[in-house]
Amino acid sequence: MLKKVLSLILCTILVVSMAGCAAAENQRTKVTIWHMLSGVGAEAFDQIVADFNASQDQYEAVAEFQGSWYDNFAKFKATPKEDLPDLYQIVVECMGWLAESDMIIPVQKFIDRDGFDVSGMQENIRALYTLNDTLYCMPLSVTMLALNYNAEVLEAAGIDPSTLKTVADVDAAAKKITDAGLCKKGFSLINDSWQIEEYISMSGEKLVDHDNGRSGRATKCLMNEGTAALDIFTTFHDALTKDYNMAPTTGLSTTDLGNAFFQGDLAMVIFSSQWIAKQKDAIGDRFTLGQVAAPSIDGSASGTFSPGGNSMWIVDKGNEELSEGAWAFLQYMWQPEVMGYYAAYTNYTPVSEEAYNSEVYKAHRQENPFVENIWQELVDCDPQNVGAVFGVYYEFRNTVQNAFARMMMDESYTPSDAVEEIVATTNENIELYNEANPL
């Protein structure tokens, strides 16, 4: 049913926008877009590109896949400016480097010039991509940290997922489930560093100095100056090394833990709401997927989670025609039905209230009611607690992943050791980056 609704709405957008599109293809200005999307993300984005091209006769958008965000970002940084794309899609973690570079035109410039209305942008998303009152890019999608669960297993165990508010609650539920023989393993957390950053955000503490790099350039990592990081590492170490749970023992554990969850061997897993939801085909008929907001560490958090996701950046190549073409695409993309379509097709959370209430996303909500829990989690965030911005996020991610995994495997390597190694390595990387990239 949902796919029929998606198709009808997209056809309506396309038919309405096709008037006057008789110009020859070679008369159009080619707008190149680099992206990191695959699977349903690529399918939905390619459809949007095709519909944009059919809607007008001035520009031809061409989407080009550049690999994972790690590979994509490495290529972007290594490419001469004249050979870069006109639009660049990448994850929020790259914001610090991009905003400090001379390769980007902030979308705020075009918004102010044209009086373009982005007032409906969800406030936490806008805060995430804003520095010094300047919105740097247009968000494409949002994901939140969620507790993903096997609905039939929890029901059989008599567990109400809405009561799982802390890691201790989830751990107790995991033991109850495994003691009853309902699942091989109780719960886990997929290790890709973002989860740790989210929990630090929830604590109210900052990851780096200068207000998480938002009021000035970051000069040091703060993870060993408060109590949150050690509490987070200790809590997950103590819970996940129990024999009835499943510890992430690799630097990026999406494959092993993801497969265990999809196969029905793992009852609950903390990870991106979108990444799990888009794998529903891997679950098949084995069980019903459920999602609620991720649990807190101990219920005493003073902050909130921060949204994650990815966005679109206009590249400054000194060519006004190309930047105008990039801006034209972003304006088309921002239509509520287009953004609602992308969120529904990919299982990302919408980036605006208008997209959330679009007809296409309403149909998606009816078929997947758990997405309303994730939208509410986004609404409940505090714009003051958005994520950090600094130029060596890529290196930081790898450091955290490796330290977290080693802590799970090596009994001699304590949570305190992990935190101290992350801080020392990150401070060294920040110092080298700042020296190499003076402001």
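Residues numbered from 1 in each chain as written. Predicted model: local features only at pLDDT ≥ 70, side-chain atom pairs only at ≥ 80, totals over all residues. Heavy atoms only, no water.

Asker: What is the right way to read the packing of aromatic side chains from this model?
Answerer: The relative placement of two aromatic rings is captured by the distance of their centres and the angle of their planes. Taken as a whole and judged by the stated rule, the model has 25 aromatic pairs. Judged by centre distance (5.4 Å) and plane angle (85 degrees), the ring pair of Y199 and F305 falls under edge-to-face. Of this pair, Y199 sits in helix α9 (residues 194–203) while F305 sits in the loop between β11 (289–293) and β12 (308–315); the two residues are 106 residues apart in sequence, bridging distant segments of the chain. Members of the aromatic cluster, each reached through a chain of ring pairs, are W34, F73, F76, Y88 and W97. The lysine or arginine in question, K77, covers the ring of Y394, its NZ or CZ lying 5.9 Å from the ring centre. Lying across the ring of Y356, R365 places its NZ or CZ 3.9 Å from the centre. (Phe/Tyr/Trp six-rings, centres within 6.5 Å; stacked < 30°, edge-to-face > 60°. Helix = DSSP H or I, 4+ residues; strand = E, 2+ residues; numbered from the N terminus. Lys NZ or Arg CZ within 6 Å of the ring centre and 35° of its normal.)

Asker: What exactly am I supposed to notice about the sheet that holds β11 here?
Answerer: The pairing of strands in a sheet comes from backbone hydrogen bonds and takes either a parallel or an antiparallel form. Reading across the sheet, the four strands line up as β9-β10-β8-β11 and stay open at both edges, with mixed pairing between neighbours. Each edge of the open sheet is held by one strand with a lone partner, namely β9 (185–189) and β11. Here the strands of the sheet are splayed against their neighbours by 20 degrees on average, with no regard to which way each runs. In the sheet, strand β8 (residues 145–150) pairs with strand β10 (residues 266–272) via five bridges, with the strands oriented antiparallel. Within β10, the position partnered with Y149 by the bridge is M268. Packed onto the sheet, helix α11 (residues 228–240) meets β9 and β10 and runs at close to 155 degrees relative to β9. (Pairing = 2+ DSSP bridges. Axes fitted to C-alpha atoms, helices over the stretch in contact; angles between N-to-C directions. Contact = heavy atoms within 4.5 Å.)

Asker: Sorry, what's going on with the pattern of salt bridges here?
Answerer: If charged atoms from side chains of opposite charge come close, those side chains can pair. If you walk through the whole model with that rule in mind, you get 14 salt bridges. When the shortest N-O distance is used, the salt bridge between K184 and D265 registers 3.9 Å. Here K184, found in the loop between α8 (167–179) and β9, pairs with D265, found in the loop between α12 (254–262) and β10; they are 81 residues apart in sequence, far enough to count as distant. On the basis of relative accessible area, D265 is assigned to the partly exposed category, the value being 27%. Measuring nitrogen to oxygen at the nearest pair gives 2.6 Å for the salt bridge that ties R397 to E197. Pair noted here: R397 is in helix α20 (residues 393–409) and E197 is in helix α9, with a separation of 200 residues, a long-range link. Overall, the relative accessible area of 3% leaves R397 in the buried class. Classification of E197 as buried rests on a relative accessible area of 10%. Counted as one network, the salt bridges with shared partners bring together E93, E197 and R397. (Salt bridge = Lys/Arg side-chain N within 4 Å of Asp/Glu carboxyl O. Buried < 20%, exposed > 50% of the residue type's maximum accessible area, 1.4 Å probe, protein only.)

Asker: I would appreciate a short explanation of the environment of D211 in the present structure.
Answerer: Among the secondary structure elements, D211 is positioned in helix α10 (residues 209–213). With 173 residues separating them in the primary sequence, D211 and Q384 have C-alpha atoms 9.5 Å apart.

Asker: Please clarify how unusual backbone geometry should be interpreted in this entry.
Answerer: For residues that are not glycine, phi is negative in most cases, and the peptide bond is trans in most cases. In this structure, D211 is a non-glycine residue whose phi angle is positive, near 55 degrees. Judged by relative accessible area, which is 42%, D211 ranks as partly exposed. For N347, which is not glycine, the phi dihedral falls at a positive 70 degrees. Structurally, the position occupied by N347 is in the loop between α16 (336–346) and α17 (353–356). For N347, a relative accessible area of 14% gives the class buried.

Asker: When you look at the pairing of β12 in this model, what are you seeing that I'm missing?
Answerer: Looking along a regular strand, one sees side chains alternate from face to face of the sheet. Among the eight residues of β12, eight are classified as buried, and the element is accordingly described as predominantly covered. Burial of β12 is two-sided: the residues G308, N310, M312 and I314 facing one way and the residues G309, S311, W313 and V315 facing the other way are all buried. Here strand β3 (residues 87–91) runs beside β12; their pairing, made up of five bridges, is antiparallel. For I90, the partnering residue across the bridge sits in β12 and is S311. In this structure, strand β4 (residues 104–105) lies alongside β12, joined through two bridges in antiparallel fashion. In the sheet register, I104 faces β12, and the bridge partner there is V315. When strand β7 (residues 138–143) meets β12, the two strands line up antiparallel, connected through five bridges. Each bridged residue has a counterpart across the sheet, and for M138 the counterpart in β12 is M312.

Asker: Before we go on, may I ask you to explain the nonpolar core in this structure?
Answerer: Soluble globular proteins tend to pack their nonpolar side chains together in the buried interior. One finds M223, F236, M268 and F329 to be the most contacted residues of the largest nonpolar core, which totals 155 residues. If we skip the residues at most four places from it in the chain, F329 touches I33, F45, I48, V49, F52, A61, L87 and M312. (Core = buried A, V, L, I, M, F, W, Y, C linked by side-chain atoms within 4.5 Å.)

Asker: Looking at this structure, I do not really get the confidence of the model for the protein chain. What am I missing?
Answerer: Regions with low pLDDT should not have their predicted coordinates read in detail. With 93% of its residues at a pLDDT of at least 70, the protein chain reaches an overall mean of 91. pLDDT under 50 marks residues 15–24. Its contacts with residues more than four places away, or in other chains, come to twelve contacts. (pLDDT = per-residue confidence, 0-100.)

Asker: Sorry, what's going on with the packing of α20 against helix α21 (residues 415–436) here?
Answerer: Each pair of packed helices gets described by two things: the angle between the helix axes and the distance between those axes. For the pair α20 and α21, the least separation of the axes is 9 Å and the interaxial angle reads 165 degrees. Compared by their axis directions, α20 and α21 come out roughly antiparallel. Crossing of α20 against α21: the hand is right-handed. Residues E395, F396, T399, V400, A403, R406 and M407 of α20 lie in contact with α21, whose contacting residues are P415, A418, E421, I422, T425, T426 and N429. Partitioned by chemical class, the residues of the contact of α20 with α21 number seven nonpolar, four polar and three charged. (Parallel < 35°, antiparallel > 145°, perpendicular 65-115°, else oblique. Left-handed = near helix turned anticlockwise from the far one by under 90°. Nonpolar A, V, L, I, M, F, W, Y, C, P; charged D, E, K, R; others polar.)

Asker: How should helix α5 (residues 107–114) be read in this particular structure?
Answerer: Note that an α-helix has 3.6 residues per turn; residues three or four places apart therefore point the same way. Among all positions of α5, only V107, Q108, F110 and I111 are buried. Seen end-on, α5 carries its buried residues on one side only, within an arc spanning 165 degrees. α5 presents K109 and D112 as exposed residues on the side facing more than 90 degrees away from its buried surface. Buried positions along α5 lie against β4, α6 (123–128), β6 (134–135), β7, β12 and α15 (320–333). Remark: G115 follows α5 within two positions and exhibits a positive phi of approximately 65 degrees. (Arc of directions from axis to C-beta.)

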